Structure formats: structure tokens, C-alpha cells
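Results of the structural survey
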Amino acid sequence: MDSSFDSSGIARPLAPVRPLPEAAARQAQAVPLRVRKSRWPARLDLLQSASGLFLALFLVGHMFFVSSILISKDAFYAVARFFEGAYFLAEPRPWLVSGVVGLVLTVFVAHAWLAMRKFPANFRQYKVFAEHKAQLRHGDTGLWWIQLWTGFALFFLGTVHLYGMLTQPELIGPYESADRIWTGNMWPLYLLLLFAVEVHGSIGLYRLALKWGWLEGRDPAATRRRLRVAKTAFSVFFLGLGLASLLAYVQLGIAHADKAGERYVPQRAAAVKLGELEFAVSRRPGG
Amino acid sequence: MNAASSGPRALTLRILRSSPTEGIAPHWQDFHVEEAEGMTLFIALNEVRETLDPALQFDFVCRAGICGSCGMLINGKPGLACRSLTRDLGALITLAPLPVFELIGDLSVNTGKWMRGTAERLETWIHSSQEVDLTAVETPMEPELAEAIYELDRCIECGCCVAGCGTLRMREEFVGAIGLNKIARFRLDPRDERSDDDFYQLIGDDTGVFGCMSLLACHDVCPKGLPLQTQIAFLRRKMAASGA
């Protein structure tokens, strides 16, 4: 009589285990120690810093060029035409300005995208950082918070300005800019933009130096103190220069309001012609 | 001279009390102690425990800034109770446990658990293929190099840099200055055979060195004065070169 043990089939000899195919067996044995980590975090970090540095240096040049209005209307006119290639081409080419603005806009958007990686990603992170900052009362932690908000403001303020310059490069000139600022009601935006960009830029350069250990010297603590002074000086100088320039444009805009839209013609060009160079400088695109 | 100003100050220690195991919710409690000459917060806390509330929980071992046990938030800033003189603080002193770490109760937190996790994650030990002969004389090292390693090895794992780091508070997976400092330490050590590519595997992302936002509170609150600012910048350069 069969026992229940036998009838259950357990007592039957086990079927031989089929070996894994050779390739699969090899794969099962070869356990990789580590998957190679992506190189992109390094590249993105470098790109964030490089784009920030480019924009900060551009900002410095831009502020000096724009402030040439403080010298004279003709000085600013000459600077504007210079960037249209008036001194080395047969006639001014405003699309050259569009090209430069397009490059700056591209770097600007790339920098914003890269910097967004560091923003608080949700309300919990935002709340934790805000509370931490308030509790710690630490200078550089507070600076980052300022940089965060000025950066956020620049998303909008900077884009409006850059888009205007991209699409209407020929309207950069003493009367044209002044009319845009006053009659075109752009002065509130430029005022906010000035504060946001100068503060953001100065903190950004300061942080960049600390982040990569530039200018550390033999006493990094002393260097950091000096960098903080330089950061403040940068902000104060360019804010002062920017405010003075903006005020000059506003005054010019008010004075020119009843003739808004009129293009500027340099006084010297109207009076005398000094050969081909002066002719080229005085010619207006689309004028 | 005003007689009142020459007398000992009456200090108020406002302590954030809680006990997760006993279900006691966080609440502030004031304790009043008389200031003594050269009094540290550690001494003041001991006085509270001995004379006012024996149930007050806080950690200490060495009383000399060596063990790193008595880290806490002192008026909102991370610091060591044993290294904080009450004369440098106001008459009202708020004390709270370090954030990030697992709370044991009152001012006591489990830094060890966090430190152990970080050590395992970053493999902060010497990686060598050489078999160690414990009876052999140790290979000599240039004194300058030994000192450089020792400089970074002075970390006492008190957790102050962790608590002071805004990045780590936002993103708890960030390794923090302590983790990066340890990598810098083993990178210096000639006995460790790991290359920069190996270290990139450990810290070459936004939870590692590229996540650091250079807020530098770690550097500013470190009770041992470790050169965290320059070490993190150095590692960033090396890892960027390795990864780019």
C-alpha cells in the first residue's frame, strides 16, 4: 500500500537542475563594484559659475557704457553706434547688438536654469531655510537668501529688458533710451532691475571667489573680510553709477517728452563733417 | 562704582524641553542660576541638574571641547556648552537641541548614529590593498604632511557644522562639511590608495561637494576652527577637474 508520503510525490527523485546558460552564468558572477557616477554634476556646477562670471563681467561693462550719458548725449550716442559696428563697417548694423543681446539672453536663461537647482524645491524646504536663517543670524547665510530673491526677481526684470534690446536694438540712443525710460514708463522696471542686478552680481562674485577658493592667499580669513568689503564697494559704486545714469535719462526723457519718438542726431555731425568716419558715425540705421 | 553691577548676574537659562519616548511635547522652561567666575554653560547646566531638575537631559564627557558631546543651539547658534562662557552671553540664554540629529530628550541628541551613517556612506577609513603588519614599524611620514592630516583630523564630530548648514537643513541627504572634511583628510593620507575618481564616486554630485552653496556657517561655527572653507573649495576644484 502506498503511503501518503509516496503518493505526495515528495519521495520521487528531484529533477536535475538545469544549469544557467553560460552567458547568463557569467553575468550573474560578475557583480559590478560600482556604477560610474555621472560627470554632469561637475559640469553643471562649472557652468553655473562660468555663466555667472560672464554675466557679472558683462554687467560691469554694460554699466560703464550706459553711464556714458553722464558725460554727454554725444558720448552715449558714440558708444551705442560703436556696438553697431559704425567704426569698422560701412554703416551701423543694429543686428550686431541683437546678436550680443541674444548671446547674453541665452547665458542669462542658462544661468537661471542652473541656479534654480539650488532653490528650495518645496514649501518644507523653504520654511526650514527661512527659520534656520532667522535663528542663525549668520551673514553669508543671509546673503544667499538675498541672492535667491534678487535672482528670482531677475527672471522677470532682466528678461523684459533683454527682450526689448533684442528686438529694438536701433532704439538705443540718448533720446530713444530716455523716451523709453520716461514716456515709455520703463523707469520703475529699470529702478528695480538696477537694485536686483547689482546686489545679485556683487554677492555672486563674492560667493564665486569663496566657492572656488580664488584669492585665498596665506590668510583666507583676512581675504574673506577683504572680499566682503569689495562686495559692498562693488554694490555701492554700481548702484550709485546706475542711479545717477537713470536719473540723467529720466531728466532727458522729461525734457524730450513732447518730442518723444524723435531720433537723436549728434550735434557735431549736424555742424561739421570730418570725413568718412564722422559720416559713418552720424548715420542712423533706419533714420 | 555701582554695587549692583559688581555683583554676580542672575542668569536665566531658557531650555527647550522634550522627551519623545515619554511623549512630552517640546516646550520652553526657564531656570535661574547665579553666575560664577569663569562659568561655562556646561557648569550652569550641571548646577540646574544638581539643584533644580535632576531630570534635565544633556550630554557631556570631557568638559574641555574634546569629546564633542555637548553641542547645542546657544541663542540659536550651534556651539559647545563646555566652551561657552556665560560672561560672553546675555542674562537670558536660550538652549535647544541640535537639529538634524535624532532627539533623545531635552538637549541630548544622538549624533553618533548620524556620524556612523556618514562614515559608512563616505567610507571614511583608509582603503589599502596592503596587508597590515601590526608588528612592523610604521612607515615614516613627512612631518608637514602628518600635521596637515592631523589638522583635518581634529574634527570632534560635535555636529555644530551640520546644524549650522542651511543646505543640509533643506536637503538632508547632503553630506555636510563634516563629510567633505573627512574626504579631504583621507585624500591627503598616502596610505589611502583611492584616487580622485574614487572620491568623485562618493561626493561628485549635488548631495556631495557640488551641493554645497558656500554659506560657510560650517566654517564660522566650528568650535575647533577647522579650515572648512578652504577644504571644501579645494575639494570642489579637484572633483570638478575629475568630473569635467
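The model shown is predicted, which means the values in this text are computed figures rather than measured ones. (Residues numbered from 1 in each chain as written. Chains lettered and ligands numbered in written order. Predicted model: local features only at pLDDT ≥ 70, side-chain atom pairs only at ≥ 80, totals over all residues. Heavy atoms only, no water.)

Secondary structure summary: chain A contains 12 helices and zero strands in total. Its helices and strands taken in sequence order, chain A reads α-α-α-α-α-α-α-α-α-α-α-α from the N to the C terminus. Burial status across chain A gives 44% buried among its 287 residues. Long-range contacts, defined here as pairs at least 24 residues apart, represent 78% of the contacts in chain A between residues at least 6 apart. Working note: accessible area of chain A is about 16,600 Å², and carbon and sulfur atoms make up 69% of it. (Helix = DSSP H or I, 4+ residues; strand = E, 2+ residues; numbered from the N terminus. Buried < 20%, exposed > 50% of the residue type's maximum accessible area, 1.4 Å probe, protein only. Contact = heavy atoms within 4.5 Å. Areas by Shrake-Rupley, 256 points an atom, 1.4 Å probe, with all protein chains shown as cover.)

What follows covers the pattern of salt bridges. All names here are of chain B. Applying the stated criterion to the full structure yields 27 salt bridges over all chains. The shortest N-O distance in the salt bridge between Glu 138 and Arg 191 comes to 3.2 Å. Taken together, the residues span a long stretch of sequence, with Glu 138 in the loop between helix H3 (111–122) and helix H4 (143–153) and Arg 191 in the loop between helix H7 (176–188) and helix H8 (196–203) at a distance of 53 residues. Judged by its relative accessible area of 61%, Glu 138 falls in the exposed class. We note a salt bridge from Arg 185 to Asp 189, for which the minimum N-O separation is 2.9 Å. We note that Arg 185, like Asp 189, is buried. Taken together, the salt bridges that share partners define one network made up of Glu 138, Asp 153, Arg 185, Asp 189 and Arg 191. (Salt bridge = Lys/Arg side-chain N within 4 Å of Asp/Glu carboxyl O.)

Turning next to the interface of chain B and chain A. It is common to report an interface's size as the accessible area lost on association of the parts. Contacts between chain B and chain A engage 41 residues on the former and 36 residues on the latter. Between chain B and chain A, the buried area comes to about 3,400 Å², and carbon and sulfur atoms account for 50% of it. For the chain B face of the interface with chain A, the top three residues by lost area are Met170(B), Gln201(B) and Leu215(B), together amounting to 19%. Inspection of the chain B/chain A interface yields six salt bridges. The shortest N-O distance in the salt bridge between Asp205(B) and Lys37(A) comes to 3.0 Å. The tally of links from chain B across to chain A stands at 23 residue pairs in polar contact (both at pLDDT 80 or more). Among the elements that make up the side of chain B that touches chain A, the one with the highest residue count is helix H10 (residues 228–243) of chain B (nine residues). (Buried area = accessible area lost by both parts, 1.4 Å probe. Polar contact = N/O pair within 3.5 Å; in protein donor to acceptor, adjacent residues only side chain to side chain.)

Turning our attention to the packing of helix H9 (residues 187–212) of chain A against H10(B). Two measures define how a pair of helices packs: the angle their axes make with one another and the distance between the axes. Remark: H9(A) packs on H10(B), axes separated minimally by 6 Å, with the N-to-C direction vectors making an angle of 80 degrees. Considering the angle they form, H9(A) stands roughly perpendicular to H10(B). Here Leu210(A), Lys211(A) and Trp212(A) of H9(A) come into contact with H10(B), specifically with Gln229(B), Ala233(B), Arg236(B), Arg237(B) and Ala240(B). Considering only residue class, the contact of H9(A) with H10(B) consists of four nonpolar, one polar and three charged. (Axes fitted to C-alpha atoms, helices over the stretch in contact; angles between N-to-C directions. Parallel < 35°, antiparallel > 145°, perpendicular 65-115°, else oblique. Nonpolar A, V, L, I, M, F, W, Y, C, P; charged D, E, K, R; others polar.)

The final tally for this structure, using the stated rule, is 28 aromatic pairs over all chains. Measuring from centroid to centroid gives 6.4 Å for Tyr126(A) and Trp149(A), while their planes differ by 85 degrees, and the two rings are edge-to-face. With Tyr126(A) in helix H6 (residues 123–136) and Trp149(A) in helix H7 (residues 139–167), this pair connects stretches of sequence that are 23 residues apart. Judged by its relative accessible area of 41%, Trp149(A) falls in the partly exposed class. Following the ring pairs from residue to residue traces out a cluster consisting of Phe119(A), Phe123(A), Tyr126(A), Phe129(A), Trp144(A), Trp145(A), Trp149(A), Phe152(A), Phe155(A) and Phe156(A). Directly above the aromatic system of Phe58(B) lies the positively charged group of Arg49(B), at a separation of 4.1 Å from the ring centroid. (Phe/Tyr/Trp six-rings, centres within 6.5 Å; stacked < 30°, edge-to-face > 60°. Lys NZ or Arg CZ within 6 Å of the ring centre and 35° of its normal.)

Here the focus is the pairing of strand S6 (residues 102–105) of chain B. Residue and element names in this part refer to chain B. Across three bridges, S6 lies against strand S7 (residues 108–110) in antiparallel orientation. Within S7, the position partnered with Gly 105 by the bridge is Ser 108. Between S6 and the antiparallel strand that follows it, S7, lie two residues; Asp 106 among them carries a positive phi value of about 50 degrees. (Pairing = 2+ DSSP bridges.)

Bringing the side chain of Gln125(A) into the picture now. Mapped onto the elements, Gln125(A) comes out in helix H6. Looking at Gln125(A), the relative accessible area reads 10%, which means it is buried. Leaving out residues up to four positions away in the same chain, Gln125(A) has contacts with Phe119(A), Pro120(A), Met170(B) and Arg171(B).

Residues and elements named next belong to chain B. We note that the domain assignment places domain 1 (10–109) and domain 2 (123–130 + 137–243) within chain B. Of note, the centres of domain 1 and domain 2, computed from C-alpha atoms alone, are 29 Å apart. Of the residues lining the interface, 12 residues belong to domain 1; the matching set on domain 2 comes to 13 residues. At the boundary of domain 1 with domain 2, total buried surface from both sides reaches about 990 Å², with 71% on carbon and sulfur atoms. Of all residues in domain 1, Pro 78, Pro 99 and Val 100 give up the largest surface area on contact with domain 2, accounting jointly for 41% of the area buried on that side. (Domains from an automatic or database assignment.)

On to empty space enclosed by the protein. Residue and element names in this part refer to chain B. In total, this model carries four cavities of 30 Å³ or more according to the counting rule given. Residue lining of the largest cavity: 15 residues in total, with Cys 155, Cys 158, Cys 161, Cys 222 and Leu 226 positioned closest to the centre. Within the residue set of the lining of the largest cavity, elements represented by two or more residues are helix H5 (160–164) and H7. At three residues, the largest contribution of residues to the lining of the largest cavity is made by H7. Here the lining of the largest cavity is composed, by residue class, of 11 nonpolar, two polar and two charged. What the second largest cavity holds in volume is close to 90 Å³. (1 Å grid on protein atoms, 1.4 Å probe; cavity = no way out; pocket = protein on both sides within 12 Å on 5 of 7 lines; lining within 4 Å. Points joined across faces, edges and corners; volume = space filled by probe spheres on them.)

Attention now goes to the environment of Asn185(A). You can see Asn185(A) is positioned in the loop between helix H8 (174–181) and H9. In this structure the C-alpha to C-alpha distance between Asn185(A) and Val250(A), which are 65 residues apart in sequence, comes to 10.0 Å.

Residue and element names in this part refer to chain B. Taken in spatial order, the five strands make up an open sheet running S2-S1-S5-S3-S4, and their pairing is mixed. The two strands at the open ends of the sheet, each matched to only one other strand, are strand S2 (24–34) and strand S4 (77–80). The sheet shows a mean angle of 30 degrees between the axes of neighbouring strands, direction not considered. The pairing of strand S1 (residues 10–19) with strand S5 (residues 92–96) spans four bridges and is classified as parallel. Bridge pairing links Thr 12 to Leu 92 in S5.

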